[in-house]
Amino acid sequence: METNSSSRQEKPDPERMAVLRSLPLDIKQKITGEEAHAFLYNEVLPDSLLEKLKDYILLEDDSTNK
């Protein structure tokens, strides 16, 4: 698995870590290491992770900001 060396030197976001820990076990078991890394280090989230978390996250919608 190729990783970004700068991300490994930084600490994961503690708030995001708390969010991952608070997810139901069945959801946590489906999240891959790559998906968890992207979430914890505030990287672009893979579509696969967004699909798994769709019931737990709110996405910004530009149409509601009018």
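For the structure itself, consult the block above.
Residue numbers here run from 1 along each chain, matching the order of that chain's written sequence. Only residues with pLDDT of 70 or above have their local features reported here, since the model is predicted, and side-chain atom pairs are shown and tallied only from 80 upward, although totals for entire chains, interfaces and linings are computed over all residues. The side-chain quantities take in all heavy atoms of the structure and omit both hydrogens and water.

Visitor: Looking at this structure, I do not really get the nonpolar core. What am I missing?
Guide: L20, L23, I27, I31, A36, F39, L40, Y41, L49 and L53 together form the largest nonpolar core, which totals 10 residues. Ranked by residues supplied to this core, first place goes to helix α4 (residues 33–40) with 3 residues. A contact between two residues is defined here by any heavy atoms of the two lying within 4.5 Å. Those residues within four positions of I31 in sequence are excluded, and the remaining contacts are L20, L23, A36, L49, K52 and L53. Throughout this description, the term nonpolar core refers to a set of buried Ala, Val, Leu, Ile, Met, Phe, Trp, Tyr and Cys residues connected via side-chain atoms within 4.5 Å. Categorising residues by exposure relies on relative accessible area from a 1.4 Å probe, with only protein chains included: less than 20% of the type maximum marks a residue as buried, more than 50% marks it as exposed, and the intermediate range marks it as partly exposed. Working definition: helices are DSSP H or I runs of at least four residues, strands are E runs of at least two. Numbering for both runs from the N terminus.

Visitor: How do you make sense of the environment of A18 when you look at a structure like this?
Guide: In this structure, A18 sits in helix α2 (residues 14–22). A18 sits 22 residues away from L40 along the chain, and the two C-alpha atoms are 9.7 Å apart.

Visitor: Teacher, can you tell me more about empty space enclosed by the protein here?
Guide: It is the rolling of a water-molecule-sized probe over the atoms that shows where space remains empty. Grid points spaced at 1 Å over the protein atoms alone were grouped into cavities, where a 1.4 Å probe fits but cannot get out, and pockets, open sets with protein on both sides within 12 Å along at least five of seven lines, with lining residues defined by an atom within 4 Å of a point. Grid points are joined across faces, edges and corners, and a volume is the space filled by probe spheres set on the points. Taken as a whole and judged by the stated rule, the model has 1 cavity of 30 Å³ or more. The space that makes up the largest cavity amounts to roughly 30 Å³. Residue lining of the largest cavity: V19, L23, F39, L53, Y56 and I57, and that is the complete set. Basically, the charged four are Asp, Glu, Lys and Arg, the nonpolar ten are Ala, Val, Leu, Ile, Met, Phe, Trp, Tyr, Cys and Pro, and anything else, Gly included, counts as polar. Among the residues forming the lining of the largest cavity, the class breakdown is 6 nonpolar, no polar and no charged.

Visitor: Help me understand the environment of Y56 in this model?
Guide: The residue Y56 is located in the segment after α5 (47–52) in this model. Here Y56 falls in the partly exposed class, since its relative accessible area comes to 43%. Measuring from C-alpha to C-alpha, the distance between Y56 and L23 comes to 8.4 Å, with 33 residues separating the pair along the chain. The residues contacting Y56, other than those within four sequence positions of it, are L23, P24 and I27.

Visitor: Could you clarify how one ought to interpret the packing of α2 against α4 in this entry?
Guide: In helix packing, the relevant descriptors are the interaxial angle and the interaxial distance, both defined with respect to the helix axes. Two elements in contact, α2 and α4, have axes separated by 9 Å at closest approach and are oriented at 140 degrees. Taken as axis vectors, α2 and α4 run oblique relative to one another. The segment α2 lies against α4, with R16, M17, V19 and L20 engaging A36, F39 and L40. Considering only residue class, the contact of α2 with α4 consists of 6 nonpolar, no polar and 1 charged. Inter-axis angles, ranging from 0 to 180 degrees, are taken between N-to-C directions of lines fitted to C-alpha atoms, where helices are fitted over the stretch in contact. Reported orientations rely on four angle classes, namely roughly parallel under 35 degrees, roughly antiparallel over 145, roughly perpendicular from 65 to 115, and oblique for the rest.

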